[in-house]
Every structure is written in C-alpha cells, then in structure tokens.
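# Notes for the structure review
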Amino acid sequence: MAVIVASDLDRTLIYSAGALALTMPDARAPRLLCVEVHEARPLSYLTETAARLLTELGDAAVFVPTTTRTRKQYERINLPGPAPRYAICANGGHLLVDGVSDGDWHRRVLARLSDECAPLDEVRAYLAEHADPVWLRKQRVAEDLFAYLVVERELLPEEWVKSLAVWAENRGWTVSLQGRKIYAVPKPLTKSAAMREVARRTGAELTLAAGDSLLDADLLLAADRGWRPGHGELADAGWTGPAIAALPERGVLAGERILREFLKAVRAGS
C-alpha cells in the first residue's frame, strides 16, 4: 500500500541554531547534522538519529517535503536519504516533480488565486504603508504568490499582527507569525491541496503529515493522521484535531520524535 508522508520542514523536521531548544546539559546534547548552508554558513540541523530515521522513511514511503519556502530556499536544503520524487514549495504554489515545477499545477493555483482573493499588490501596499520601521527589517514577496515581513520580534506589537489578520481575513488571505517572519498568504494557497494532488498521482491509500504553524493546519486536517510538536503557533494556541497527536517534545528532539511516529505509522499501514 502506497503511503504519503507530507511534512513541513522548518521547526518541524529541521531547525536553525536558535530553534534547537537544547535544554539538557551540554555533555548529553544529541549529535547534530547540518542540512542547510547559506552564504557559506551552516543554517539548519537535525539530529544524527533523525537523519537515520529520515533515510529509513524515504525507503518505506513517499516522503514529500512540504514547505512555505520558495523553490530557491528549498533547494539549499540537503536532506539525508533518497531524493524525494515530489516536493511542495511556496505553501502549495509549486509542486516539484524530480526537482522541476509542474506547470499545469502552477497554472491551476494561479487561476484559483485570481478568482477567490484580493490581489497580491493590494496586500503588499497595505504592508508597506502600515509596517513600522521601528520593528520592520525586510519586506519580501515569495514567488509572486504571497508576502512576508522579517521583524524584530521583541519590538513587534502583538495587536498589530491581530489587526493585520482581521484585515487580511476580509480579503481572502491568512496571516501567520513564525519566529521573526510574518506571512500573508492567500487562503486558496494551501499545502493540503498539493498533498491531495500527490496522493492522486501516486494512488496513495494513507496520508501522514506534520507541522507546527497555522499554515500547516489545513495539511494536518487533510491527512489521515497528523502530528504537531510542542512548540510553534499550533501548540501555543492549543490547536488539535481528531486524528492529530500533540507531542510534548520541543525543538530538534521533536523532529526526531515525529520521524519515529511516521515510521511506526508507515509500518503499521503497510
């Protein structure tokens, strides 16, 4: 039986140095493997145990990296195990097949965005006008699909994010705060839609998913079983669902636990 494992990457399977959450004594800290280098600097890690588990998972199931990252940002990541046949980038805006974006899928996504929500230019203009230079560091557009801000989190007023979310909701967009980034994403742009397309193409009878942020909620609900770590937007909100396990682990050890759960479910399903 074909099984799809669609997993978010950042703060779910891989972690920046600031997100590792290594609370144990240094001598007991897990050995880490760097899986992303950017501008000659190590950027993202998983534990060596997680690397072994991910390799086993890639041999046992259709592993689908599922990320809000752009294609260029995703291509910086060098995961252990077999190269994934499918990957979901730009929050579902691009479905990669053997590393190449599927043109038919992308055109379908663009048609939905045009029909169902306010244009990107309107959102960009609002962000440019209302973001405060006191806490704003960068404003970016990803793949001409959605926008995000890089902010100083300590200076960012919580009420500003809530106000942005209300404004965006009325225009068919959603807002997600992840670390130092505020994402504004069209509601029809979803990881779950792309996962369903991979399931259709592969004939998968079981879908498994994991994620930590608001942008992963639709993915988790669409899967037959899902897991979320003990950190992130979903954990902070106490969010869960009928087939979703809320794990207690936080940081890089949560990534390891998620991979163990994936493998157990794959083996049980097979």
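Provided above is the structure to which this section pertains.
Keep in mind that what you see is a predicted model, and the values were worked out from it rather than measured.

### Observations concerning the sheet that holds strand S4 (residues 41–47)
A sheet is described by the order of its strands in space; here three strands give the open sequence S2-S4-S3, paired in antiparallel fashion. Strand pairing shows two members of the sheet lacking a second neighbour, strand S2 (15–16) and strand S3 (32–38), which therefore form its edges. Two strands pair when backbone bridges link them, and S3 and S4 are joined in this way by six bridges, in the antiparallel orientation. Counted as the bridge partner of Leu-33 is Leu-46 from S4. Of the strands in this sheet, S3 and S4 touch helix H1 (residues 48–60), which is tilted by about 70 degrees from S4. Set on the sheet, helix H9 (residues 252–269) makes contact with S2, S3 and S4; between it and S4 the angle comes to about 45 degrees.

### Here we look at helix H3 (residues 103–116)
An ideal rise of 1.5 Å per residue puts 20 Å on 14 residues; H3 measures up with 20 Å between its terminal C-alpha atoms. Along H3, the residues classified as buried are Trp-105, His-106, Val-109 and Leu-113. Seen along its axis, H3 keeps its buried residues to an arc of 95 degrees; they face one direction. Of the exposed residues in H3, those oriented more than 90 degrees away from the buried face are Arg-107, Ser-114 and Asp-115. Tucked inside the fold, the buried residues of H3 contact strand S7 (94–97), strand S12 (181–186) and helix H6 (191–202).

### So, the pattern of salt bridges
Inspection of every chain in the model, using the stated rule, returns 26 salt bridges. The salt bridge involving Arg-267 is made with Glu-56; its shortest N-O contact spans 2.9 Å. One end of the pair, Arg-267, is in helix H9; the other, Glu-56, is in helix H1, and 211 residues separate them in sequence. Each of the salt bridges in this network shares a partner with another, and the network as a whole consists of Asp-102, Arg-108, Glu-197, Arg-200 and Arg-201.

### Here we look at the side chain of Arg-69
Positionally, Arg-69 belongs in the loop between strand S5 (62–65) and helix H2 (71–75). Exposure remark for Arg-69: the relative accessible area of 10% places this residue in the buried category. One polar contact links the side chain of Arg-69 to the main-chain carbonyl oxygen of Gln-73, over a distance of 2.9 Å. Every residue in contact with Arg-69, bar those within four places of it in the chain, is listed here: Asp-10, Ile-14, Glu-36, Ser-44, Tyr-74, Arg-76, Ile-77, Cys-89 and Ala-90.

Reading guide: rules and limits
- Residues numbered from 1 in each chain as written.
- Predicted model: local features only at pLDDT ≥ 70, side-chain atom pairs only at ≥ 80, totals over all residues.
- Heavy atoms only, no water.
- Pairing = 2+ DSSP bridges.
- Helix = DSSP H or I, 4+ residues; strand = E, 2+ residues; numbered from the N terminus.
- Contact = heavy atoms within 4.5 Å.
- Axes fitted to C-alpha atoms, helices over the stretch in contact; angles between N-to-C directions.
- Expected span 1.5 Å × (residues − 1).
- Buried < 20%, exposed > 50% of the residue type's maximum accessible area, 1.4 Å probe, protein only.
- Arc of directions from axis to C-beta.
- Salt bridge = Lys/Arg side-chain N within 4 Å of Asp/Glu carboxyl O.
- Polar contact = N/O pair within 3.5 Å; in protein donor to acceptor, adjacent residues only side chain to side chain.

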